[in-house]
Amino acid sequence: MSILNKHETTLGQKQYHIALAPGDIGEYVLLPGDPARSDRVAKYLDNGVLMANNREHRTFTGTYKGIKISVTSTGMGCPSAAIAAEELINIGAKTLIRIGSSAALDPRINIGDLMISTSSMKNEGTSKFYVPDCFPAAPDFEFTHELIMTAKEMMDESEQKVYIGVSATDDAFYGETPEFLESLRKLKVMNIEMEASALYTIGHLRDVRVACICGCSGNLTNSEVIYTKKNERLAEAWDKEIQVVLETIARFEEAKKAKK
Ligand SMILES: O=P(O)(O)O[C@H]1O[C@H](CO)[C@@H](O)[C@H]1O
Ligand SMILES: O=c1cc[nH]c(=O)[nH]1
């Protein structure tokens, strides 16, 4: 009997789910949940080329200010986000930035505002395969710091505001009862989404930077949600978060070069 070691078998190969091989992506990869948001990112890249489109994972690679950057959609929830992260790291990704949408639990936050996560509650099952329940899920400090500074500067004159705080990563969008949401609000959780904590966990274990910025899709404390029509303010937030992340990458690279 020879039990398979998945990591040893897949490292550096063409990957099973994302359908990408080494060389297909840049070291920086933006991670939206929705495959359609990959196309939105591609519009901001120079020479963005569709590299693969398999299951929920749609990938473009291009450049921004001369830096090779990719975008791969994760699909919804931690299981598929974890697969995308593991496979991207297998072929050379070094910094993964989730560009999401998320519901706010802080009453001050409005649809279209941006929320940057400083850590995330692991209300999900995927991280349990990797770390004990008491292990923290936190993004890369240095990249997140640059992300916060860049977002604040770029959004200074904007109607949309930038908020920074603890997020929660949940497994069940419709399992979030009013009682459960109230328990999170009491803990001063800023926002809820469905992928960040597993991405932070994998990033930590595989020595890869992970960060997360989300546009506010609705506020669950005052029932200001838009489920039945196009959410224009959320779409504006996606454009803003993409621009902020690309500029953060450019500044982060500059800072790295200056240190050398
Ligand atoms: O818009 P995305 O990035 O998918 O993010 C949020 O939207 C989905 C739920 O509606 C979940 O994936 C959640 O994390
Ligand atoms: O985006 C999200 C994720 C979880 N729950 C929500 O209400 N919205």
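All values reported here derive from a predicted model rather than from experimental measurement. (Residues numbered from 1 in each chain as written. Chains lettered and ligands numbered in written order. Predicted model: local features only at pLDDT ≥ 70, side-chain atom pairs only at ≥ 80, totals over all residues.)

## Observations regarding the site of ligand 1
Under the convention used in this document: Nearness here is judged by the C-beta atom: place it from the backbone, and if it falls within 6 Å of a molecule or strand, the residue counts as near that partner. Just so you know the grouping, Ala, Val, Leu, Ile, Met, Phe, Trp, Tyr, Cys and Pro go in nonpolar, Asp, Glu, Lys and Arg go in charged, and all remaining residues, Gly too, go in polar.
The local shell around ligand 1 consists of Pro-32, Gly-33, Asp-34, Met-76, Gly-100, Ser-101, Ser-102, Phe-173, Glu-193, Met-194 and Glu-195. Residue classes in the shell around ligand 1 are distributed as four nonpolar, four polar and three charged.

## Some words on the packing of helix H4 (residues 141-154) against helix H7 (residues 232-259)
Note the cut-off: Interaxial angle, 0 to 180 degrees, is taken between N-to-C directions of lines fitted to C-alpha atoms, where a helix line uses only the stretch in contact. Secondary structure elements are taken from DSSP: a helix is a run of H or I of four residues or more, a strand is a run of E of two residues or more, and numbering for both begins at the N terminus. Any angle that falls under 35 degrees is termed roughly parallel, while one over 145 is termed roughly antiparallel, one within 65 to 115 roughly perpendicular, and all others oblique. Crossing chirality is assigned from the near helix's rotation relative to the far helix, an anticlockwise turn below a right angle marking it left-handed and a clockwise turn marking it right-handed. Contacts are defined on C-beta atoms placed from the backbone: any two residues whose C-beta positions lie within 7 Å are in contact.
Relative orientation of the contacting elements H4 and H7 amounts to 125°, with a least axis distance of 9 Å. The pairing of H4 with H7 is recorded here as oblique in orientation. The crossing of H4 and H7 is right-handed. Touching Phe-143, Glu-146, Leu-147, Thr-150, Ala-151 and Met-154 of H4 are Gln-243, Val-244, Glu-247, Thr-248, Arg-251 and Phe-252, all from H7. Looking at the contact of H4 with H7, its residues break down into six nonpolar, three polar and three charged.

## Structural notes on the site of ligand 2
Neighbouring ligand 2 are the residues Ser-101, Ser-102, Ala-103, Asp-170, Phe-173, Glu-176, Ile-192, Glu-193, Met-194, Ser-217 and Leu-220. Put simply, the parts of the chain that give the shell around ligand 2 at least two residues each are strand E5 (95-104) and strand E8 (191-193). Among the elements that line the shell around ligand 2, the one with the most residues is E5, at three residues. Its residues assigned to classes, the shell around ligand 2 shows five nonpolar, three polar and three charged.

## Observations concerning helix H3 (residues 78-90)
Put simply, the test is: One less than the number of residues in a helix, times 1.5 Å, gives the span that helix is expected to have. In this scheme every C-beta is placed from the backbone, and a residue whose C-beta has 20 or more other C-beta atoms within 10 Å is buried, one with 12 or fewer is exposed, and one in between is partly exposed.
The first and last C-alpha atoms of H3 sit 18 Å apart over 13 residues, in line with the 18 Å expected at 1.5 Å per residue. Counting buried residues in H3 gives 12 out of 13 residues, a clear majority hidden from the surface. Remark: Gly-92 follows H3 within two positions and exhibits a positive phi of approximately 115°.

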